[in-house]
Amino acid sequence: MGWLLHTSYYTGFSEQGLGPVARRSETTGDQAPLWMNQMISAKMSAETGSNIISPVVKNSTINSMPITINVESVCRGSQEGESYDQLINCHKKILKEKLEYITDYTSTAGECVCLLQRFTDLWITDGKCNELHVEHEVTEAGSSSPRHGRAIFKSMKHKDIFGPMHKQRQPRVVITRGIAGIGKTIYVKKFLLDWAMSKTHQEYDFVFVFPFCELNLISEESMSLVQLVQQHYPHMGQMGETYPNDSARSLFIFDGLDESRFSLEFENNPVCSDISKPVPLRSLLTNLIKGNLLHTASIWITTRPSTKHRIPSCYVDRVTEIQGFQDEEKEEYFRRKCQDSQLAEKIVALVKKQSSLWMMCYVPAFCWILATVLEHVLKSSCAEEFRGNTVTEVYTNFLVVMVTYHHEHRGHGKEKIEKICQLLQSDQGAILNLGKLAFQYLKSRTFVFYEEDFKCFNIDISSICGMFCREYYIKYSALSHRRVYSFVHSTVQEYFAALYIFATYHNEKRNLMICSILGRICEAFSKPTFFEICKSACSEVIQSHTGHLDLFLQFLCGLGRRRIQKCLQGLLTHVEEQKDDLQKTISYMKKLLQTDIPPERCINLFHCLNELNDKSVVREINESLHQGVLSSKKLSLADYSALAFVLKTSDVDRKEFHLSKYRISPDGLKRLLPVVKSFEKITLSGSIMDEEMIDSMSALLLASKNQIKELCLTNNTLGDTGLKKLAAALMSSSCRLETLLLCTNDLTEQCGKDLISILRTNRILKELDLKYNQLKDAGVKQLSVALQDSDCEIESLGLWGNEITHCCCEELALALKTNKSLRSLDLGYNNVGDLGIKLLCVAIKDGGCKIEKLGLHQTGLTGGCCEDLTSILRINQSLMALELGYNNLGDVGVQQLSAALKDPNCKLQTLGLYRNNLTSACCPDLADALTASSTLTELKLSSNCLQDLGVKPLFAALKNPLCRIQKINLKDTGLTAACSENILSALRVTRMLRELNLCRNKLGVSTIKLKHLAQQSNCKLQL
């Protein structure tokens, strides 16, 4: 409740104050002489539920003061407040009654299912903008199912969909996308029910949902926002009087943008800010989304990925995506759907045996179809005949189940069911008419239909057709007599479309896939064959850029099989399997695999071959995989596609994919792209990176739902030109790479500008390894410029073996001072020298440097740099690992370092001193450091001439309970059997030591005792 308080008064003051102190408006005594006999005004406001405290005259006595207090309600008075709360409660009650129970398509009359009991958790992630989908939504399972995407996508809890973004403001407009049947609508219903039951989302006073399917019915109407709400929610009749424009928090949900048959115009649209002003519906929605109308309201829109672009990204604050069921939820769904627990376990076991079906079960709608089929089949006498190894068999049985159910229940038991073929025969006209509509609208990618559409195809929705379609209407509207429809799932529409094409060929010998006049003329003189039908269909499917006909072709192929036709007797006039036709179709598809067609269509052809029961190419690839001979075999395009199909339909580990194992070619990589993109790490080494290969690699990094986090291109011929071409992909927002390894790729200082662009643009990239290239000082100077940029968020940079000298260290030092993200820097195998390290150490001592790991292996260091190194160990508390191997620090230098290790400010955990011309002289100091340091856990001393005398104090230190060393490397340090007792003594006492490397020493027979004791003390011993 919002109030404004106005006070006006004349003042005379003395020393005593009045009333409790009001912080917002105070008038003090020392101001009295200036304001005497003047009017004072104060204005205050209070939020809903607050009490107004009037202005206070502080530290004064009032002699005379006429006071006028005006209290006005900016929103509503107490009675209006009660009406407002009552309206909220009424709205919640009605929503709860409406949503608490749902009706299944196969429910008996009056049977309802509790939504909370049926609802199974869905996996929701932060979505990604601007992705182009080139695969069929459902058959994309291999690369998009949650099982494979869990590592790369950030999960989101259902309650956080409108939570603050990155600790900033709450998003106003959210789009939740997901493929058909993934659970968008049921998720919206669960959200609404939770709100109506006051469980979650109570920050909203009102939540309204408007399905686009229903809005289609009023798309040409003009109305106000109030009228729109009242039309869908008649109990909101008092909304105009009690609904405040600004103080109420409301959520408007628009479900199913993909089902909208009208466009939203965001340009040249009249501005509307009045909730009571009638405007055209599309204008009303765009003003609501843009924030012109009711700017305090939140907007939630659900859609399929292909139509998300209808809302310009500038108006969208967050994009989320429903990824469907994870494996655990697949099982849970079947158990919730089937009341018979034993039957549920049978269903789960059967589906898991068919990997292709199990993967498709990430789509809840497919789970429902499968559960509906298997509940019926496993209870019937034909359970033994059901194999479930093709989608055509599943959907054909779904048709049979729904027809049977319709006659058993919708016929109120009056119809005696003898054979399913009689039912299919009686419903043949209705089913094929529905198939005709499905086919015509599938070609134009239309998934929503009006009553007029059904009339055009002579369809009675009250017949069997109603079993396969959803009906939408606005219940309380004057337009409630109008209806809009869609198939229960898009795949059901695709099945009916294929069934219509096949039945017309099978029953009437007509090829409806031929559109040309010449084709029609030829058909008049010769009857078409099944091969010709499939060939015509293939031509259309291959030309599709979105894959919307992929499943249609699979169904069409599957319907050519005799065992499927037997299930459809009655609908089909006869059962006929032309083996020659099937073989021709198989051969034709195999030839297509050798041609230049999109890789997604290639994988679909293998699904089609599976429907035709041909697994020859796949079987051959599987055998080669098991024998490990693919690396020595030159693969054809068909082989690559078969490999992609095998990988996609098998439960392989998606951690790493070695392209090098398959003698990969650019065209081969393109064929593998739909499945390779679902791996976390891609490795390609020893390859000629020509323009075609780089283009293929770029396409891989830019692929939709790409899950690649690490790309290893070690030991290739990328070169500066190749990196320039690859840079465009690396800088794209579609690239998800976190690690990029470009070791040994002929890169020079000429690629510096491209590296700068990549580091400045790609804020996801955290690790860049440029080992064994020739960047030299000039290239590193350019990299240093990028590191100083605030947009650069690289954490690890590898420059090992790049012919660097001290000449670039000044620029690099400046970068270390300013960069807040860099944690690891490897300068190994470069001639940096003491002078270069001196410059770097000055920067590392700076408070802005956050470096944690510094690699200085074989950098030409001597004992002269140890004073500088000592200073950073004493000052920089973030440095945890320092690699100094293959230098010439000598005993004196290490003694200086040992003194620094004892400093309490030193937080070093790993110190590498291998091959540094050390002798036993430095070991007592090192031993003291081991006991004094509370953080040092790993020490590398290999290839130094420590000898038995030197290691004696070291092993004595290991016995000290204050020593934290867990790993120590004494490989090739000149040890003999004489020091065995020192080693054994340390192993008996120490409880911290986990790894001890004593290789390339001459310990003699004592090694047997050492092995035994190391095993007892849980220490990994290398001898």
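Residues numbered from 1 in each chain as written. Predicted model: local features only at pLDDT ≥ 70, side-chain atom pairs only at ≥ 80, totals over all residues. Heavy atoms only, no water.

(A) Local environment of the overall build of the protein chain. The helix and strand inventory of the protein chain stands at 40 helices and 33 strands. A separation of at least 24 residues holds for 81% of the contacts in the protein chain among residues at least 6 apart in sequence. (Helix = DSSP H or I, 4+ residues; strand = E, 2+ residues; numbered from the N terminus. Contact = heavy atoms within 4.5 Å.)

(B) Summary view of the nonpolar core. Within the largest apolar cluster, 310 residues are counted, with the highest numbers of intra-cluster contacts made by Phe252, Phe334, Phe468, Leu913 and Leu996. Of all hydrophobic cores here, the second largest spans six residues; its members include Cys213, Leu217, Tyr450 and Tyr472. (Core = buried A, V, L, I, M, F, W, Y, C linked by side-chain atoms within 4.5 Å. Buried < 20%, exposed > 50% of the residue type's maximum accessible area, 1.4 Å probe, protein only.)

(C) Main features of the environment of Ser784. Turning to its location among the elements, Ser784 is positioned in helix H32 (residues 776-787). Residue classification places Ser784 among the buried residues on the basis of a relative accessible area of 0%. As for Ser784 and Asn819, which are separated by 35 residues in sequence, their C-alpha atoms are 9.6 Å apart. Apart from the residues lying within four places of it in its own chain, the contact partners of Ser784 are Glu811, Leu812 and Ala815. In terms of polar contacts, Ser784 uses its side chain to reach the backbone carbonyl oxygen of Val780, at 2.8 Å. (Polar contact = N/O pair within 3.5 Å; in protein donor to acceptor, adjacent residues only side chain to side chain.)

(D) Examining the packing of helix H19 (residues 490-508) against helix H22 (residues 550-558) more closely. In contact at an axis separation of 8 Å, H19 and H22 are set at 45° when each is read in the N-to-C sense. Viewed along their axes, H19 and H22 adopt a mutual orientation that is oblique. For the pair H19 and H22, the sense of crossing is right-handed. Residues Thr491, Glu494, Tyr495, Ala497, Ala498, Ile501 and Phe502 of H19 touch H22, and the partners they reach there are Leu551, Phe552, Phe555 and Leu556. Its residues assigned to classes, the contact of H19 with H22 shows nine nonpolar, one polar and one charged. (Axes fitted to C-alpha atoms, helices over the stretch in contact; angles between N-to-C directions. Parallel < 35°, antiparallel > 145°, perpendicular 65-115°, else oblique. Left-handed = near helix turned anticlockwise from the far one by under 90°. Nonpolar A, V, L, I, M, F, W, Y, C, P; charged D, E, K, R; others polar.)

(E) Fine view of a negative patch on the surface. Negative charge collects at one region of the surface, where Asp596, Asp667, Asp690, Glu692 and Asp695 lie side by side. Relative to the helices and strands, Asp667 resides in helix H28 (residues 666-676). (Patch = residues over 30% accessible without salt bridge, like charges linked within 9 Å, V, L, I, M, F, W, Y side chains within 5 Å. Areas by Shrake-Rupley, 256 points an atom, 1.4 Å probe, with all protein chains shown as cover. Salt bridge = Lys/Arg side-chain N within 4 Å of Asp/Glu carboxyl O. Lys, Arg positive; Asp, Glu negative; His and termini not counted. Charge placed at Lys NZ, Arg CZ, Asp CG, Glu CD.)

(F) Representation of the sheet that holds strand S17 (residues 449-450). Spatially, S17-S19-S18 is the arrangement adopted by the three strands of the open sheet, whose pairing is antiparallel. Every other strand in the sheet has two partners, leaving S17 and strand S18 (469-472) as the edge strands with one partner each. Where S18 and strand S19 (residues 484-487) come together, four bridges link them in antiparallel fashion. Within S19, the position partnered with Tyr472 by the bridge is Val484. (Pairing = 2+ DSSP bridges.)

(G) Region of interest: the packing of helix H37 (residues 923-932) against helix H38 (residues 947-958). The contact between H37 and H38 brings their axes to 8 Å, and the two run at 10°. Comparing the axis directions of H37 and H38 gives the class roughly parallel. Where H37 abuts H38, its residues Cys923, Pro924, Leu926, Ala927, Leu930 and Thr931 lie against Gly950, Pro953, Leu954 and Ala957. By residue class, the composition of the contact of H37 with H38 is eight nonpolar, two polar and no charged.

(H) View of the pairing of strand S11 (residues 206-211). Burial within S11 is extensive, with six of its six residues counted as buried. Side chains Phe206, Phe208 and Phe210 project from S11 onto one buried face, and the interleaved Val207, Val209 and Pro211 project onto a second face that is buried too. In this structure, S11 lies alongside strand S13 (residues 250-255), joined through six bridges in parallel fashion. Residue pairing in the sheet places Phe210 in a bridge with Phe254 of S13.

(I) How the structure looks around the confidence of the model for the protein chain. Residues at a pLDDT of 70 or more form 84% of the protein chain, whose mean pLDDT is 83. In this model, residues 141-152 is a region of pLDDT below 50 whose contacts with residues beyond four sequence positions or in other chains number 42 contacts. Low pLDDT (under 50) marks residues 411-417, which in the prediction has seven contacts with non-local residues, meaning those over four places away or in another chain. (pLDDT = per-residue confidence, 0-100.)

(J) Structural context of the pattern of salt bridges. Summed over all chains, the structure comprises 35 salt bridges. Put simply, Glu321 and Arg177 hold a salt bridge, and the shortest N to O gap is 2.9 Å. With Glu321 in strand S16 (residues 318-324) and Arg177 in strand S10 (residues 173-177), this residue pair connects regions lying 144 residues apart in the sequence. This pair shows no difference in class: Glu321 is buried, exactly as Arg177 is. Residue Arg760 is joined to Asp789 by a salt bridge in which the shortest nitrogen-to-oxygen separation is 3.0 Å. Note that Arg760 is positioned in helix H31 (residues 752-761) and Asp789 in the loop between H32 and strand S25 (796-798), a separation of 29 residues in sequence.

(K) Summary view of the side chain of Glu321. Given a relative accessible area of 3%, Glu321 falls into the buried group. A polar atom in the side chain of Glu321 sits 2.9 Å from the side chain of Arg177.

(L) Geometry of unusual backbone geometry. Although it is not a glycine, Leu294 sits at a positive phi angle of roughly 55°. Looking at where Leu294 falls in the secondary structure, it is placed in the loop between helix H10 (281-290) and strand S15 (298-303). Backbone geometry places Asn458, a non-glycine residue, at a positive phi of 55°. Take Asn458: it is sitting in the loop between helix H18 (451-456) and S18. The exposure class of Asn458 is exposed, given its relative accessible area of 62%.

(M) Structural context of helix H27 (residues 637-648). Helix length check: H27 (12 residues) gives 16 Å between terminal C-alpha atoms against 16 Å at 1.5 Å per residue, within 8%. Along H27, 11 of the 12 residues are buried, which leaves the element largely enclosed by surrounding structure. Considered for burial, the residues of H27 that qualify are Ala638, Asp639, Tyr640, Ser641, Ala642, Leu643, Ala644, Phe645, Val646, Leu647 and Lys648. (Expected span 1.5 Å × (residues − 1).)

(N) View of the sheet that holds strand S8 (residues 123-126). Across the sheet, which stays open at both edges, the seven strands sit in the order S9-S8-S16-S10-S15-S13-S11 with mixed pairing between neighbours. The sheet terminates laterally at strand S9 (155-156) and S11, the two strands that pair on one side only. Its contacts with the sheet put helix H8 (residues 225-232) on S11 and S13, and the angle it makes with S11 is roughly 80°.

(O) Summary view of the packing of aromatic side chains. Counted under the stated rule, the structure contains 41 aromatic pairs. Aromatic side chains Phe531 and Tyr588 sit 5.9 Å apart centroid to centroid with 80° between the ring planes, which places their arrangement in the edge-to-face category. Taken together, the positions of Phe531 in helix H21 (residues 530-543) and Tyr588 in helix H24 (residues 579-592) put the pair 57 residues apart, joining distant regions of the chain. Of the two residues, Phe531 and Tyr588, both sit in the buried class. We note Lys92 situated over the ring of Trp195; from NZ or CZ to the ring centre the distance is 5.1 Å. Geometry around Trp358 places Lys330 over its ring, the cationic atom sitting 4.9 Å from the centre. (Phe/Tyr/Trp six-rings, centres within 6.5 Å; stacked < 30°, edge-to-face > 60°. Lys NZ or Arg CZ within 6 Å of the ring centre and 35° of its normal.)

(P) Broad picture of the side chain of Asn887. Note on placement: Asn887 falls in the loop between strand S28 (881-883) and helix H36 (890-901). The exposure class of Asn887 is buried, given its relative accessible area of 7%. Polar contacts involving the side chain of Asn887 include one to the main-chain carbonyl oxygen of Leu856, which spans 2.9 Å. If we skip the residues at most four places from it in the chain, Asn887 touches Leu856, His857, Gln858, Thr859, Gly860, Leu861, Arg915 and Asn916.

(Q) Main features of H24. Compared with an ideal rise of 1.5 Å per residue, which puts 14 residues at 20 Å, H24 spans 20 Å between its outermost C-alpha atoms and is within 8% of the ideal. Where H24 is concerned, the buried positions are Asp581, Leu582, Thr585, Ile586, Tyr588, Met589 and Leu592. Buried residues in H24, looked at end-on, bunch into an arc of 165°, giving them a common side. Exposed residues lying more than 90 degrees from the buried face of H24 are Lys579, Asp580, Lys584 and Lys591. If you follow the buried residues of H24, they end up packed against H19, H21, H22 and helix H25 (599-611). (Arc of directions from axis to C-beta.)

(R) Looking closely at the environment of Ala642. Turning to its location among the elements, Ala642 is positioned in helix H27. For the pair Ala642 and Val618, spaced 24 residues apart in sequence, the C-alpha separation works out to 5.5 Å. Ignoring anything within four residues of it in the chain, the contact list for Ala642 reads Phe606, Val617 and Ile621.

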